Structures are given as structure tokens and as C-alpha cells.
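Residues per chain, in single letters:
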Amino acid sequence: MAARGPGRLLLLLGLAAALCLPRAAQPPPGAFQAGLGAASLPAAAAARRRYLLYDVNPPEGFNLRRDVYIRVASLLKTLLKSEAWILVLPPWGRLYHWQSPDIHQVRIPWSEFFDLPSLNKNIPVIEYEQFLAESGGPFIEQVYVLQSYAEGWKEGTWEEKIDERPCIDQLMYSKDKHEYYRGWFWGYEETRGLNVSCLSVQGSASIIAPVLLKNTSARSVMLDRAENLLHDHYGGRDYWNTRRSMVFAEHLRVVGDEFRRKYLHSTDEADRTDYNEDWTLMKVKLGTAVGGPYLGVHLRRKDFIWGHREDVPSLHGAVKKIRSLMERHKFKRVFIATDAIVEETEELKKLLPEMVRFEPTWEELELYKDGGIAIIDQWICAHARYFTGTSVSTFSFRIHEEREILGFDPKTTYNRFCGEKERNCEQPTHWKIVY
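Scoring rules and cut-offs
- Every chain's residues receive numbers from 1 upward, in the order its sequence appears when written.
- Selection of residues for local features in this predicted model requires a pLDDT of at least 70, selection of side-chain atom pairs for listing and counting requires 80 or more, and totals for whole chains, interfaces and linings are taken over all residues.
- Here the side-chain values reflect all heavy atoms present in the structure, with hydrogen atoms and water set aside.
- Strands qualify as paired when DSSP identifies two bridges or more between them.
- Strands here are runs of E lasting at least two residues and helices are runs of H or I lasting at least four, both read from the DSSP assignment and numbered beginning at the N terminus.
- The contact rule is simple, with two residues in contact once any of their heavy atoms fall within 4.5 Å.
- The convention used is that axes are lines fitted to C-alpha atoms, helices contributing only their stretch in contact, and that angles between N-to-C directions extend from 0 to 180 degrees.
- Note on definitions: the grid is 1 Å and covers protein atoms alone; a cavity is a set of points where a 1.4 Å probe fits but cannot get out; a pocket is an open set with protein on both sides within 12 Å along at least five of seven lines; lining residues have an atom within 4 Å of a point.
- Grid points are joined across faces, edges and corners, and a volume is the space filled by probe spheres set on the points.
- Residue type decides the class: Asp, Glu, Lys and Arg count as charged, Ala, Val, Leu, Ile, Met, Phe, Trp, Tyr, Cys and Pro as nonpolar, and the leftover types, Gly among them, as polar.
- Here's how the labels work: a residue is buried when its accessible area is under 20% of the maximum for its type, exposed when over 50%, partly exposed in between, all with a 1.4 Å probe on protein chains only.
- Seen with its strands pointing away from the viewer, a crossover is right-handed when the path leading from the first strand over the helix to the second is clockwise.
- By convention in these notes, a salt bridge is any Lys or Arg side-chain nitrogen within 4 Å of a carboxyl oxygen on Asp or Glu.
- A score from 0 to 100, pLDDT tells how confident the predictor is in each residue.
- The span you would expect from a helix comes to 1.5 Å times its residue count less one.
- Directions are taken from the helix axis to each C-beta atom, and the arc is the one they span.

## Considerations on the sheet that holds strand 12 (residues 334-338)
One open sheet accounts for four strands, arranged 13-12-11-15; its pairing is parallel. A strand with exactly one partner marks an edge of an open sheet, and here the two such strands are strand 13 (355-356) and strand 15 (384-388). Both strand 12 and strand 13 contribute to a ladder of two bridges, which runs parallel. Note on strand 13: the bridge partner recorded for Val 334 is Met 355. With respect to the sheet, helix 13 (residues 362-382) is in contact with strand 11 (292-299), strand 12 and strand 15, its orientation differing from that of strand 12 by roughly 145°.

Have a look at this one:
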């Protein structure tokens, strides 16, 4: 059974929620945090606030970029111990997996996908449009392109270090007639960098803090290729605080919840997955959540078929595993999130008539965009009584984390498909939530 996305009523609800988000993102008057324009701050505070921007290697996907945000947030917390900084959220767009035709998917603000007030309870953030308004123009004073060391590193001699070095790869920036640097800049063609240089970096995110605090007086600093920074404390309390703050936008959660209710007989009350809008107050004991009466599946295809041949099953192999899990847990429905091509999706429908998928109308796709549809899929998978995902997929990783936050038994979460020829099918590591 392939179910349609919620109808016109939810479309209007989603649009209304989306339109209200910018207003909701404003913090209380007088608060020194994201959402307040520079004019609203005391003159001294506005003058000394510095802006941290970042970008990621273009081929990287939506869910890896969410992980990079956690690394940069940790850096910002380090900077805030010395000076007033604010993180400028990099607009979304032009991602490899966002391939829906005829839909404008550039310059997308974070409020389309995430709840800004929730982010602000962890670190101060603003959208890029607000940065343009506050900073007085489309200029970024200093761009640092992060890169590895040309000489690499020898096994057994790892050390954290950072140095200004000649650029290894050809710069993705070029000078215009005014000697300003033109680049991608998230699709904002008018944006320019005033200075661009390369930093070789080997270490965790906060290793770059001294450079930003002592080596440059630029008020706005951008870190390009920020995925080269490692986590300061992966899996620790600081990591989980930032991850918990990444609350999905309410209008997307509403759509996912309505779909669960209508097609999967799943509600928060029955599933024991009550959600607190204030993530700082949500601390659920693992094993408390039961989940809806369905199997949640993330079946990654496309580039994973040839990129991870050994640990990704064939379509028939995946169906065999799904049937086994449904029989073991007595499920009558399976919800599948997949990037399978049309031919494979049709084959799945024939092999699994019990399959349910969120298939948006064109209007819903235009409204929520590919990123929003991915979040809705993840939200529905996160509420399943049992979940199995795809090996080393960041899409599956983010579902693991969401289920950890909701309070599911780890045995129902950290599972994955095995390849038919895979000798040692190691299951995902359980990264226990820390409060």
C-alpha cells in the first residue's frame, strides 16, 4: 500500500506554520542572542559581536552537514568563553540528493527544516539574511579554507595542529574587478569575500579558536570546508545538547504525526512517545518509548549500491529481511524511507504490498522541499516500534539519534541490513544519550 501525503488541510497548516516561524524565532526583548538585530542590542554589545560562518564540501549530503553543525557549535561555545560571537547558519541548497525537478532549492533558511528558538537555547544563531541586514552588506571579511596537511600524517604520530599554508587544491574563489573574492556563498551571487587564505588543520573543532581570537580581527569569519574539523567530544554531553537542540520544524513534525495516525495507527499517546517542545526539559529513560505498530526501514540505494557493495543487500535480500522482521514482531505494516529509483520502488510494491511510504504531492514537495520530505521520513521511522537501517548511512545515523532522544530500547534502534556476501555483519554502535 502506497499512501499519499496528508491532503490540502495539512498543506495549509504546514504553510501557515512555515510563515509563522520567523516571528517565532525572535527571542525576548533585551536578550543577547540570535534573532535580535544589531540595532536592538546595546551599542557596545552590537559593536563587539563577531560572526562565524561556515560551509561544507559541495558533494556532502544533508545529514552529514547536520553533523558538521554539531562540530561548529562546539567551536562557537569555545569562542564564547572569550568574546561575543554568533553563528550564521549556512543556507541550504544545491545538494546532490535533492534532485526533484522544477523546484527552487537554493538559499533555503534553516527555519524551513529546524526550530530556531530551540537552536538558540544551545548557542546563539541567526539566518544568513539577518547577517546581511546586521553587517551592513554582502561582505565576509575573512574566509579560511580548511584543508589537510600536504605531507599527511604518519601512523602513530597523530597530533592536533593548525598552520596557515599554501592552498593545496585550486581555490573555488576568483577575484572580481574590484579585487573582491567571488564564490558559491550558498547561492548569494552578490556576496563577496574580502580576504581568502588556506589553513591546514588536523584536530578537533576548537583547535581553530586561537586563530579566530588572536590571528584575525575580522568581524565576520567564514570557515570553508568545515567538515575537516573533527568533533571536540563526540558522544559527550556537549555533543548531545547540540544534537537535542536540533528540533525539527513544527510544520514538518505535524505532517509526519498526521501520516502516522492516518496510515500506521500510531499516536504519541498510544506509542508512549510524548514530545516536549522544550528540548532542555525532555529527558526520557531508555526503554520508555514503545513506538507505533509498524516496522521502520531506511533502505539506501543509488550510489550506495556500488559504493558499499558488500554491506548493502540486493532488493530481494532486503525484502527477505523485512519479511523476517515483520513475522518475528507480528507487524502488519512496514514504513520504508528509500531513495530507490522508480523501477525499484515499483518492484518493492509488488514484493511488499504491506509497504507504506510517504509520497508527497507536487504541491507538498514544493512547500517542504526534498530536505523537508527527508525529515518527515526520518520522523516516521523514528516512531516505529522497531527500526532497521543501512550500513554507514548518515540518514540512518540521524534516525538512531532521534530514537535515542525519544527513549527507545537500543535493541529496537541500532540495527542494519546485511549484504548477502558480508561475512561479519557488525551492527551499529550504540552511542548512549548523555544529559
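## Side note on the layout of surface pockets
The method is simple in principle: a probe with the dimensions of a water molecule rolls over the atoms, and the space it marks as empty is what remains. Its boundaries defined by the atoms lining it, the largest pocket holds a volume of some 1,200 Å³. Surrounding the largest pocket, 42 residues form its lining, His 97, Lys 302, Thr 338, Asp 339 and Asp 370 being those nearest its centre. The set of elements that each furnish at least two residues to the lining of the largest pocket consists of helix 3 (62-80), helix 10 (303-307), strand 12, helix 12 (342-351), strand 14 (358-359), helix 13 and helix 14 (394-406). Per-element accounting of the lining of the largest pocket gives the leading share, six residues, to helix 13. Split by residue class, the lining of the largest pocket holds 21 nonpolar, 11 polar and 10 charged. Surrounding the second largest pocket, 24 residues form its lining, Asn 57, Val 145, Met 172, Asp 224 and Arg 225 being those nearest its centre. If you list the elements that add at least two residues to the lining of the second largest pocket, you get strand 5 (139-147) and strand 10 (220-224). Looking at side-chain class alone, the lining of the second largest pocket contains 13 nonpolar, six polar and five charged residues.

## What to know about the pairing of strand 2 (residues 50-54)
Counted residue by residue, strand 2 has five buried out of five residues, so it is predominantly covered. Of the two faces of strand 2, the one lined by Arg 50, Leu 52 and Tyr 54 and the one lined by Tyr 51 and Leu 53 are each fully buried. Where strand 2 and strand 3 (residues 85-89) come together, three bridges link them in parallel fashion. Across the sheet, residue Leu 52 finds its bridge partner in strand 3, namely Leu 87. For the crossover that starts at strand 2, traverses helix 3 and ends in the parallel strand 3, the hand is right-handed. Relative to strand 10, strand 2 runs parallel, the two being bridged by four bridges. Residue pairing in the sheet places Leu 53 in a bridge with Met 222 of strand 10.

## Side note on empty space enclosed by the protein
On inspection of all chains with the given rule, the structure shows two cavities of 30 Å³ or more. In this model, the largest cavity occupies a volume close to 50 Å³. Forming the walls of the largest cavity are Arg 244, Val 247, Tyr 275, Asn 276, Trp 279, Met 282, Glu 402 and Ile 405. Within the lining of the largest cavity, the residues separate by chemical class into five nonpolar, one polar and two charged. Listed by contribution, the elements that provide at least two residues to the lining of the second largest cavity are helix 3 and helix 7 (237-245). In terms of residue class, the lining of the second largest cavity is built from three nonpolar, three polar and two charged.

## Points about the pattern of salt bridges
Counted under the stated rule, the structure contains 27 salt bridges. The residue Glu 277 makes a salt bridge to Arg 253 at a minimum N-O spacing of 3.0 Å. A residue pair is termed long-range when its members are at least 10 positions apart, and Glu 277 in the loop between helix 9 (268-271) and strand 11 and Arg 253 in helix 8 (residues 250-264) qualify at 24 residues. Looking at Glu 277, the relative accessible area reads 46%, which means it is partly exposed.

## A few points about the environment of Asp 224
Residue placement: Asp 224 occurs in strand 10. Spatially, the C-alpha atom of Asp 224 lies 10.0 Å from that of Leu 199, the residues being 25 residues apart in sequence. In this structure Asp 224 touches Asp 55, Val 56, Tyr 144, Val 145, Leu 146 and Tyr 173, once residues within four positions along its chain are discounted.

## Remarks on the confidence of the model for the chain
In the predicted model, the chain carries a mean pLDDT of 89, and the fraction of residues at 70 or more is 88%. Confidence over residues 4-40 falls short of pLDDT 50; this stretch has 72 contacts with residues more than four positions distant or in other chains.

## Looking at helix 11 (residues 315-329)
With 15 residues, helix 11 should cover 21 Å at 1.5 Å per step; its first-to-last C-alpha distance of 21 Å lies within 8% of that length. If you check which residues of helix 11 are buried, you get Leu 315, Ala 318, Val 319, Ile 322, Leu 325 and Met 326. Here the buried residues of helix 11 occupy an arc of 125° about the axis, which is enough to place them on one side. Away from its buried face, by an angle of more than 90 degrees, helix 11 presents the exposed residues His 316, Lys 320 and Glu 327. Its buried side turned inward, helix 11 meets strand 11, strand 12, helix 12 and strand 15. Positive backbone phi, at 60°, marks Lys 330, one or two positions downstream of helix 11.

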